[in-house]
Amino acid sequence: TVAYSNGEYGALKTWKFIKHLGSGTESDPYRISTGAQLAYLAKVINEEIGTYYDKYYELTNSINLNGLEWDPIGCYYFGSGDSDYSDNRTFRGRFNGNGYVVSNFKITTPKQSYYQYFGLFGYQYGGTITDIGVEDFVIDITSDAPVSAGGLVGDCRGTITNSYATGNVTATSS
């Protein structure tokens, strides 16, 4: 298990760090082995709209996030009013957990007010998530807007196979 530390994320300046560990194709997926790389995946999915859609990712070992506040991978779905979906920040790739576990994270404070979907992955739109466990997490969200939360995925509009989540989820919308 690789532990994530606060300083580790700040060391990642560009996506090239992960590109060197794969090309994002089916035969050469981006390989993720640290909490920092997983957090950076969330960052680029949530901020670089469309750039990393349809890419392939895989875990190479279990990751312990040491109780840190987690920013979901794929945080926002604008809906049918945006006909080209240009503002969607959803996970659409193919993620293979290879039987590994991501553990020990919390989500209690949304990074942005428009975040509505909470889990390791917030909003999955198409794509696949396979062979991953998510354990020992706490999601406790209260929002003025509607919310959707789950340990692995907050809202799934794709395919999940051979995966599980065990932890605590409380989501309240006022």
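Use the structure listed above.
Everything numeric in this text was worked out from a predicted model, so none of it was measured.

Calculation criteria
Residues numbered from 1 in each chain as written. Predicted model: local features only at pLDDT ≥ 70, side-chain atom pairs only at ≥ 80, totals over all residues. Heavy atoms only, no water. Core = buried A, V, L, I, M, F, W, Y, C linked by side-chain atoms within 4.5 Å. Buried < 20%, exposed > 50% of the residue type's maximum accessible area, 1.4 Å probe, protein only. Contact = heavy atoms within 4.5 Å. Salt bridge = Lys/Arg side-chain N within 4 Å of Asp/Glu carboxyl O. Helix = DSSP H or I, 4+ residues; strand = E, 2+ residues; numbered from the N terminus. Phe/Tyr/Trp six-rings, centres within 6.5 Å; stacked < 30°, edge-to-face > 60°. Pairing = 2+ DSSP bridges.

Engineer: So what exactly am I meant to see when it comes to the nonpolar core here?
Structural biologist: Judged by nonpolar contacts, the single largest core of 35 residues is most densely connected at Leu 38, Tyr 57, Trp 70, Ile 73, Phe 95, Leu 120 and Phe 121. Once you skip the residues sitting within four places of it in the chain, Leu 38 turns out to touch Ile 32, Ile 63, Trp 70, Ile 73, Phe 95, Val 102 and Leu 120.

Engineer: When you look at the pattern of salt bridges in this model, what are you seeing that I'm missing?
Structural biologist: When charged atoms on two side chains of opposite charge get close, those side chains can pair. Inspection of the entire model under this criterion finds three salt bridges. Between Arg 31 and Asp 28 there is a salt bridge, with its nearest N and O atoms 2.9 Å apart. Note that Asp 54 and Arg 94 form a salt bridge whose closest N and O atoms lie 3.9 Å from each other. Linking Asp 54 in the loop between helix H3 (35-47) and strand S3 (56-59) with Arg 94 in strand S5 (residues 94-107), this pair joins segments that are 40 residues apart in sequence.

Engineer: Which parts of the structure should I look at to understand unusual backbone geometry?
Structural biologist: Note: most peptide bonds trans; most residues except glycine with negative phi. With a phi close to 55 degrees, Asn 66 is a non-glycine residue in the positive phi region. By relative accessible area, which is 38% here, Asn 66 ends up partly exposed. Phi is positive for Asn 104, which is not a glycine, with a value near 65 degrees. Position of Asn 104 relative to the elements: it lies in strand S5.

Engineer: Would you mind showing me how to read the packing of aromatic side chains here?
Structural biologist: Two numbers describe a pair of aromatic rings. These are the distance of the centres and the angle of the planes. Under the defined criterion, the tally for this structure stands at eight aromatic pairs. Ring geometry for Tyr 30 and Tyr 57: centres 5.5 Å apart, planes at 35 degrees, overall tilted. Note that Tyr 30 is positioned in strand S2 (residues 30-32) and Tyr 57 in strand S3, a separation of 27 residues in sequence. Of the two residues examined, Tyr 30 and Tyr 57, each falls in the buried class. With a centroid separation of 4.6 Å and an interplanar angle of 70 degrees, the aromatic rings of Tyr 117 and Tyr 123 are classed as edge-to-face.

Engineer: Mind showing me how you'd approach the pairing of S5 here?
Structural biologist: Side-chain positions along a regular strand alternate between the two faces of the sheet. Of the strand pairs in this sheet, S3 and S5 are connected by three bridges, and their pairing is parallel. What sits directly across from Glu 58, in S5, is Asn 96. Note: strand S4 (residues 63-69) against S5, four bridges, orientation parallel. Note on S5: the bridge partner recorded for Leu 68 is Phe 105. Across nine bridges, the pairing between S5 and strand S7 (residues 121-143) is parallel. Paired with Arg 94 across the strands is Thr 128, a residue of S7.

Geometric descriptors of this kind do not, in isolation, establish any biological role.
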